[in-house]
Amino acid sequence: MKFAVIEFPGSNCDHDAYHATKHVLGQQAEFVWHKETDLRGADVVVLPGGFSYGDYLRTGAIARFSPVMACVCEFAHAGGPVIGICNGFQVLLEVGLLEGALLRNNRLKFLCEHIHVRVEQTDTPFTSGAVAGQVLTLPIAHGEGNFHASPETLVALEANRQVVFRYCAADGAQTDAANPNGSAHAIAGVCNVERNVVGLMPHPERACESMLGSADGRVVLESVINTFASAGAA
Amino acid sequence: MSIHQTTIDAHGFSPEEYQRLLEILGREPTITELGIFSVMWSEHCSYKSSRLHLRRFPTDGPRVVQGPGENAGAVDIGDGITAVFKIESHNHPSFIEPYQGAATGVGGIIRDIFTMGARPIALLNSLRFGELDNPATRRLVDGVVAGIAGYGNSIGIPTVGGEIAFEPGYAGNPLVNVFCLGVAKADALAMGVASGAGNPVYYVGAKTGRDGIHGATMASAEFDEHSADKRPAVQVGDPFMEKLLLEACLEVMRTDALVGIQDMGAAGLTCSTSEMGARGDSGIEIDVSLVPQRETGMTPYEIMLSESQERMLLVARRGREAEVEQVFEKWDLHAVRIGEVTGDGLLRIRDQGQVVAEIPNRPLADRAPLYDRPTMRPAYLDDANHLDLATLAPPADPRRIWLDLLDTPAVASKRWVYRQYDHMVRTNTVVLPGLGAGVVRVKGTARALVFSLDGNGRHCFLDPAEGGRLAVAEAARNVACAGAVPIGATNCLNFGNPERPEIMWQFSQAVDGIAEACRALDVPITGGNVSLYNETDGQAIYPTPVLGVVGVLDDVTHVLTRVFPEPDLEIVLLGDPAGGLGGSEYLKQAHGLVRGAPAPVDLDRERALQELLVDAARGRWIRSAHDGSDGGLAVTLAECCVESGAVGAQVDLPESVESVERDDRFGVVQALFGEAPSRVVVSVATGQRERLLSRARERAVPAVVIGRTGGDRIRLAVAGEQVADIGLDEAEQAWGQGLTRHFETVASREA
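## Considering the overall build of chain A
Consideration 1: Summing up its helical and strand segments, chain A has five helices and eleven strands in all.
Consideration 2: The principal-axis extents of the C-alpha atoms in chain A amount to approximately 45 × 40 × 35 Å.
Consideration 3: The buried share of chain A, taken over its 234 residues, is 56%.
Consideration 4: Within chain A, residue pairs in contact and separated by at least 24 positions form 76% of the contacts whose partners lie at least 6 positions apart.

Listed below in structure tokens is the structure:
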């Protein structure tokens, strides 16, 4: 299948996503520059991490106006799978494909370390290969990953089963100590109501080779590859 | 218009230097020319006090592709790839404005690397501050770490490790040394050269403002109580702009339309124009009115001396301008043509056509002052080198000392620091920070690059030559502990005021020690940086050379870390068990003393040890390796047990009968906490033990089995007698929180 990795000025995990999908998982992958207006026949879109436009003004706030985002929205509205990782998640929130906002980490420091998340929902294209409740070890690397939403939105996100990943301890328990950034409801990732757009703060693309400390992120990318393969076979 | 004497003095010229300027020009300078000479001949840019000594470094070797003199050094790592690396200091700016000072230091060293045509793939830093009980120091640490994080994280280059130390002598002069490593195809290195008369000169990047004017001269003067007033001389960094420049410059280099490229670092447009011209034996002519400016009314003097960040100077091939301009347009950057290369060898600056400066390029660089400053062995050494253990209070319970040392910020886990750095971006980081040397794989090959920064101001204070040797040996040993062959080095020499003979003696001694060790260990110096005048109110820092050693690991899967990976492994000590207390962490922590002499390094034995480690990693006979340094073997062993893995150990250390400081009361303390170079703790499966021991014998490296991994406690015996015993949880608590608690308790108190 073909991955489109969107490159904004200031994206810096674009190569991480490209490497994981192309060289580790053996799929087609192509960078798509933010000024382009064509996704070049991609089957799945990745909005990578980084500091698009330096994160000036507000994370993801300027990137959402890039020409390519109109194509991404059109692709998403047509049901195409879209994943936003870290800064990509922030862009998806800014453009309105996902609901909520990301504030500064509650301890105000940038945090880079391996953490644990629990897979809460398996009926998205990015979690279909996981088992409900499965605990993944993934890296985080962000200063603004503190998920926030209005009480009504949080209720709706929970009621619609849109919380896809939640921070947890190694054994899957949801504890305050295991929530690295103060996110509401320990939310690490969410999806849209249609479930084809997923955004998360942890980096599955950085956890695809055990040499790098964890290969647990593969399940996220392999899910969408297998979803696509079985859809093709049907 | 004649230049007034007070103006000449304000620019820091000695009468002899000004006389030389007059000879070169054959007339009185304009104010712009005076400014240009002043920054080019500042200590920071001309190395006038240190150049003579730096010639003693070995700089050649079969793997050296680029030695000192360019923006960074380069070594061949095989597969047609070169590793490009350099270290630089940003000490003075970081003291005045910690966040921006440190951030722009990172920005500067990254530019030095990509200017060479290399893709930067890793950052390290070496930091020194006063003690953490001082709130001003905590603010400095917080600001510097945040500045490094803010820049490196945003631009997307992983900060994979480094070192940090705390000594009272750095309170008024913190050291912020940053190192960057990149990789380039061997045939694609770019150079900072201007040649080919008529070729266009381009300016690209951020606009020029008044920030940083005289930054280079500030870095060449001592501090006093007015230093805080120098804040306008510190530049402000924009990592987003630099990310665009990085990508655009690497892209433009692939077009072959480029002749040369240089970043505008210290002394900005002045240094980049004159250095590029001098290297190419060319003249260069620019019109400052064409330089993009973000402030109005800037004079040619200000434009030439501005140190605004994130700016590059390029020389393109005539006729290929459109290609260059197109690449920058793609990245929303505008390459502005500000002049051209000429054949007359002059640096000619115009302002709206009118000549405001005209200086012969070569003499500006080649005839820069060069001083053979007087040296004198400092008087303090006679007393400081004398250590009489008999005068010390009897040592405390070894268990208490052990826990206290693990809790010392200099020894404790640096997690609070490195978790603020994105150390994983680009997915090459094979060894996470805190587990040993930095290790990044080189995608497209089986190899990894391994690198370590090391220095010890206390050692150099007590014996600068030995301190220099020890720093090289330790950095190379850390690289070898990961399994890699050390192949090249860079250094950052941080010292006080070179006009004082005692300081110059320290400098000269340290250079001798470094040079000797680099020769013995076969790690040529490919470049580096000198930072002098690290003094406040006449009080100099410890002489602090920081060594960066780079090594290559042919098969990344052979990599080793410090951690004991599982129970039931045998623990072997490679190297002479005897450690000394001179200059040790124990002596400082337990007795408040910096005294004695550091244990000397036997460079032949050190080399044999490093070769053994590389063989052992390659043959997979050992499972982990950890260099014994601050806090002695007890601390080393605890570090092998804690954090990831968390497996205990039972160890019996030999008594250090050889020690010169032998005092019966301190026998156990010396065995546990004595420090010495050339000692490495390794773990080995029982089946591989004999092979390791026999290979060690062949290389004449002492090797002794000292214990076994397992359990949830770390138990230490000396000569068969159990002397200290701590639980893994206690060790983790002390070591894991020793640095962190200084910041988090403060935060909660202020909250």
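## Observations regarding the overall build of chain B
Consideration 1: Of the regular secondary structure elements, chain B holds 27 helices and 28 strands.
Consideration 2: Considered along the principal axes of its C-alpha atoms, chain B spans approximately 85 × 55 × 55 Å.
Consideration 3: A separation of at least 24 residues holds for 84% of the contacts in chain B among residues at least 6 apart in sequence.

## What to know about the interface of chain B and chain A
Consideration 1: If you look at the interface, chain B gives 23 residues, while chain A gives 23 residues.
Consideration 2: Taken together, the elements giving at least two residues each to the side of chain B that touches chain A come down to α8 (135–155), α10 (239–253) and β14 (429–431) of chain B.

## Observations regarding the sheet that holds strand β9 (residues 283–287) of chain B
All names here are of chain B.
Consideration 1: Spatially, the seven strands line up as an open sheet ordered β8-β10-β7-β11-β9-β12-β13, and their pairing is mixed. The open sheet is flanked by β8 (258–263) and β13 (354–360), the only strands paired with a single partner. For this sheet, the mean angle separating the axes of adjacent strands, direction not counted, is 20 degrees.
Consideration 2: Pairing between β9 and strand β11 (residues 336–342): four bridges, direction antiparallel. Within β11, the residue paired with Glu285 across the bridge is Glu340.

## A closer look at the pairing of strand β24 (residues 649–653) of chain B
Residue and element names in this part refer to chain B.
Consideration 1: Alternating residues of β24 divide into Ala649, Val651 and Leu653, all buried, and Gln650 and Asp652, none buried.
Consideration 2: Bridge analysis of β24 against strand β27 (residues 713–718) gives five bridges, and the strand direction is parallel. Bridge pairing in β27 places Asp652 opposite Ala717.

## A short note on the packing of α10 of chain B against helix α13 (residues 321–330) of chain B
Helices that pack against each other are described as a pair by the angle of their axes relative to one another and the distance between those axes.
Residue and element names in this part refer to chain B.
Consideration 1: Look at α10 against α13: their axes get within 9 Å of each other, and the N-to-C directions meet at 150 degrees. Of the possible angle classes, the one that applies to α10 and α13 is roughly antiparallel. As α10 packs across α13, the resulting crossing turns out to be right-handed. Across the interface between the two elements, Ala248, Glu251 and Val252 of α10 pack against Val324, Val327 and Phe328 of α13.

## Remarks on the pairing of strand β3 (residues 44–47) of chain A
Residues and elements named next belong to chain A.
Consideration 1: Neither face of β3 is exposed, since Val44 and Val46 on one face and Val45 and Leu47 on the opposite face are all buried.
Consideration 2: Here three bridges tie strand β1 (residues 2–7) to β3, and the two strands are oriented parallel to one another. Paired with Phe3 across the strands is Val44, a residue of β3.
Consideration 3: Looking at chain direction, β3 and strand β4 (residues 82–85) are connected through three bridges and run parallel. Residue pairing for β4: Leu47 is matched across the bridge by Gly84.
Consideration 4: This β-α-β element, β3 to helix α2 (residues 67–77) to β4, shows right-handed connectivity.

## Re unusual backbone geometry
Consideration 1: For Arg161 of chain A, which is not glycine, the phi dihedral falls at a positive 55 degrees.
Consideration 2: Structurally, Arg161 of chain A is set in the loop between α4 (151–159) and β9 (163–168).

## Re the nonpolar core
Consideration 1: Val45 of chain A together with Leu449, Val472, Ala482, Cys641 and Leu672 of chain B are the most contacted members of the largest nonpolar core, which totals 314 residues.
Consideration 2: Ignoring anything within four residues of it in the chain, the contact list for Leu449 of chain B reads Ile77, Ala83, Leu181, Val440, Val442, Val550 and Val552 of chain B.

## A closer look at α8 of chain B
Consideration 1: Given a rise of 1.5 Å per residue, 21 residues ought to cover 30 Å, and the 30 Å separating the end C-alpha atoms of α8 of chain B matches this to within 8%.
Consideration 2: Just beyond α8 of chain B, the residue with positive phi is Gly156 of chain B, at close to 85 degrees.

## Describing the sheet that holds strand β22 (residues 570–574) of chain B
Residue and element names in this part refer to chain B.
Consideration 1: Strand order in this open sheet of seven strands is β23-β25-β22-β26-β24-β27-β28, and the pairing throughout is mixed. Looking at which strands have only one partner, the edges of the open sheet turn out to be β23 (622–627) and β28 (721–727). For this sheet the average axis-to-axis angle between neighbouring strands, irrespective of direction, equals 20 degrees.
Consideration 2: Strands β22, β23, β25 (680–684) and β26 (703–709) of the sheet are contacted by helix α25 (residues 689–698), whose axis makes an angle of about 155 degrees with β26.

## A few points about the packing of helix α19 (residues 464–481) of chain B against helix α20 (residues 501–521) of chain B
Residues and elements named next belong to chain B.
Consideration 1: Running from N to C, α19 and α20 cross one another at 35 degrees; their axes reach a closest spacing of 6 Å. Here α19 runs over α20; the crossing is right-handed. Counted together, Pro464, Ala465, Glu466, Gly467, Gly468, Arg469, Val472, Ala473 and Ala476 of α19 and Gln506, Gln509, Ala510, Val511, Asp512, Gly513, Ile514, Glu516, Ala517, Cys518 and Leu521 of α20 form the full contact between these two elements.

## A word on the environment of Ala448 of chain B
Residue and element names in this part refer to chain B.
Consideration 1: You can see Ala448 is positioned in strand β16 (residues 448–454).
Consideration 2: The sequence separation of Ala448 and Thr429 amounts to 19 residues, and the corresponding C-alpha distance is 9.4 Å.
Consideration 3: Residue contacts for Ala448: discarding those within four places in its chain leaves Val430, Val439, Val440, Arg441, Val442, Leu553, Val556 and Val559.

## So, the environment of Pro395 of chain B
Residues and elements named next belong to chain B.
Consideration 1: Mapped onto the fold, Pro395 is located in the loop between α15 (380–384) and α16 (398–407).
Consideration 2: Measuring from C-alpha to C-alpha, the distance between Pro395 and Arg665 comes to 7.4 Å, with 270 residues separating the pair along the chain.
Consideration 3: Sequence-distant contacts of Pro395, defined by excluding residues within four places in its chain, comprise Ile401, Ala590, Arg665, Phe666 and Val669.

## Some details on helix α3 (residues 87–95) of chain A
Residues and elements named next belong to chain A.
Consideration 1: α3 sits mainly inside the fold: nine of its nine residues count as buried.
Consideration 2: Turning to α3, its buried residues number three or more, namely Asn87, Gly88, Phe89, Gln90, Val91, Leu92, Leu93, Glu94 and Val95.
Consideration 3: Considering only its buried residues, α3 is in contact with β3, α2, β4, β5 (101–103) and β11 (197–200).
Consideration 4: Gly96 sits one or two residues past α3 and shows a positive phi near 90 degrees.

## Digging into the confidence of the model for chain B
All names here are of chain B.
Consideration 1: Taken over all residues, the pLDDT of chain B has a mean of 93, while the share at 70 or more is 95%.
Consideration 2: Within the model, the stretch residues 746–751 combines pLDDT values under 50 with one contact to residues more than four positions away or in other chains.
Consideration 3: Of the two predicted TM-score estimates for the complex, the pTM is 0.95 and the ipTM is 0.96.

## What to know about the environment of Phe3 of chain A
All names here are of chain A.
Consideration 1: Mapped onto the fold, Phe3 is located in strand β1.
Consideration 2: Note: C-alpha distance between Phe3 and Tyr53 (50 residues apart in sequence) is 23 Å.
Consideration 3: Each residue touching Phe3, except ones within four places of it in the same chain, is listed here: Thr21, Gln27, Gln28, Ala29, Ala42, Val44 and Val46.

Thresholds, definitions, all that
Numbering of residues begins from 1 in every chain and follows the order in which that chain's sequence is written. Each chain gets a letter, beginning with A, and each ligand a number, beginning with 1, in the order they are written. Where totals are concerned, whole chains, interfaces and linings use all residues; where local detail is concerned, this predicted model gives features only for residues with pLDDT of at least 70, and gives and counts side-chain atom pairs only at 80 or more. Numbering of helices and strands starts at the N terminus; helices are DSSP runs of H or I of at least 4 residues and strands are runs of E of at least 2. Buried means a residue has 20 or more other C-beta atoms within 10 Å of its own C-beta, exposed means 12 or fewer, and partly exposed covers the counts in between; C-beta atoms are placed from the backbone. Two residues qualify as being in contact provided that their C-beta atoms, derived from the backbone, are within 7 Å of each other. Strands are labelled as partners when DSSP assigns at least two bridges between them. Note on geometry: axes are lines fitted to C-alpha atoms, helical ones only across the stretch in contact, with angles between N-to-C directions running from 0 to 180 degrees. For classification purposes, an angle smaller than 35 degrees is called roughly parallel, one larger than 145 roughly antiparallel, one from 65 to 115 roughly perpendicular, and anything else oblique. The sense of a crossing depends on the near helix, which, turned anticlockwise from the far helix by less than a right angle, makes the crossing left-handed and, turned clockwise, makes it right-handed. Handedness of a crossover is defined as follows: with both strands directed away from the viewer, a clockwise route from the first strand across the helix to the second makes it right-handed. The term nonpolar core refers to a group of buried residues, namely Ala, Val, Leu, Ile, Met, Phe, Trp, Tyr and Cys, whose C-beta atoms join them within 7 Å. A helix is expected to reach a length of 1.5 Å times the quantity of its residues less one. The quantity called pLDDT is the predictor's confidence in a given residue, expressed from 0 to 100.

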